[in-house]
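# Structural characterization, general
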Amino acid sequence: MSIKHRILYAAVSVLCTVGLFAASVTTMNVNSYAVSSSTQYKSGDANHDGKVDIRDAACIAIHCAKGDIGLLPSNADYNSDSKVNIRDAAAIAIHCAKAHGADVSGMLELVNKERAKAGVAPLKINGTLNKLANERAYESIYNFSHKRLSGDGFSAILDEYGIDYSYCGENLAAGNLSAAATVKQFVNSPEHYKNMIDPDFTEIG
């Protein structure tokens, strides 16, 4: 892009945020336990509610964090490697993100409402930033940090996408099932809120 942008991207996939929170425990350990043959439940249905969704990712990750993975049912092995660990939670979260996507329009509307309250101009959606934010959301499943898996800072991805910018920021959120809950999390975090209402930003993804 030839025009310099002042951009903010919120690297969240709204329907995936519980999974992002859950899978962030990968920084702790990836202990796993061998599992027996599958049960009558679907592969990945860790909470046995008859469906596989982001709540199963959260269920697996919580058990991983507590160190009691052995209490999970054998069918929690979503990626079919005969083990149950945090990678199963990540695989479910990624599947949900790809299947449902992010509530981009809802996020934009709510962020701009907060900016209006602060008396600053609204942000515009940038399609390239949407793609970039989704990629960062997937990366955050494995490392919930403003650093990328390579160890580079978050802004490195802007160069990869060929974005010419003069000012950038990143907001990460986790643990929510809606755009409204995610924006509320941003509002309640001083640094994230500062980014959200910063008058220097003009575009978002």
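Structure first, text after, so check above.
For the structure given in this document, a descriptive report is provided here. Just so it is clear, the structure is predicted and the values come from calculations on it, not from any experiment.

## Some points on the overall build of the chain
Scanning the chain for helices and strands turns up 8 helices and 6 strands. Overall, the chain shows an N-to-C arrangement of helices and strands of β-α-β-α-β-α-α-β-α-α-β-α-α-β. By sequence separation, contacts in the chain at least 24 residues apart represent 75% of the contacts at least 6 residues apart. Of the roughly 9,700 Å² of accessible surface on the chain, a fraction of 53% belongs to carbon and sulfur atoms.

## What to know about the pattern of salt bridges
One pass over the full model with this rule turns up 6 salt bridges. Of the charged contacts, one joins lysine 117 and glutamate 114 as a salt bridge, the two residues approaching to 3.2 Å between their closest N and O atoms. Taken together, the positions of lysine 117 and glutamate 114, both in helix H4 (residues 104-117) and 3 residues apart, correspond to about one turn of that helix. A relative accessible area of 14% means that glutamate 114 is categorised as buried. What you see here is one network of salt bridges that share partners, running through Glu135, Arg148 and Glu160.

## Comments concerning the packing of aromatic side chains
Under the counting rule described, the total for this entry stands at 1 aromatic pair. Note on tyrosine 167 and phenylalanine 201: the rings are 5.0 Å apart at their centroids and 45 degrees apart in plane angle, and the pair reads as tilted. Of the two residues, tyrosine 167 sits in strand E5 (residues 165-171) while phenylalanine 201 sits in the loop between helix H8 (190-196) and strand E6 (203-204), which places them 34 residues apart along the sequence.

## Focus: the environment of leucine 110
With respect to the helices and strands, leucine 110 occurs in helix H4. In sequence terms leucine 110 and valine 183 are 73 residues apart; their C-alpha atoms lie 6.9 Å from each other. If we skip the residues at most four places from it in the chain, leucine 110 touches Ala179, Ala180 and Val183.

## Some remarks on the side chain of aspartate 45
Inspection of the secondary structure assignment puts aspartate 45 in the loop between strand E2 (33-34) and helix H2 (54-66). With no salt bridge to any partner, buried aspartate 45 finds its closest opposite charge in lysine 42, at an N-O distance of 7.3 Å.

## Let's talk about helix H7 (residues 179-187)
Turning to H7, its buried residues are Ala179, Thr182, Val183 and Phe186. Taken down its axis, H7 places every buried residue within 95 degrees of arc, on the same side.

Reading the values: rules and limits
- Residues numbered from 1 in each chain as written.
- Predicted model: local features only at pLDDT ≥ 70, side-chain atom pairs only at ≥ 80, totals over all residues.
- Heavy atoms only, no water.
- Helix = DSSP H or I, 4+ residues; strand = E, 2+ residues; numbered from the N terminus.
- Contact = heavy atoms within 4.5 Å.
- Areas by Shrake-Rupley, 256 points an atom, 1.4 Å probe, with all protein chains shown as cover.
- Salt bridge = Lys/Arg side-chain N within 4 Å of Asp/Glu carboxyl O.
- Buried < 20%, exposed > 50% of the residue type's maximum accessible area, 1.4 Å probe, protein only.
- Phe/Tyr/Trp six-rings, centres within 6.5 Å; stacked < 30°, edge-to-face > 60°.
- Lys, Arg positive; Asp, Glu negative; His and termini not counted.
- Arc of directions from axis to C-beta.

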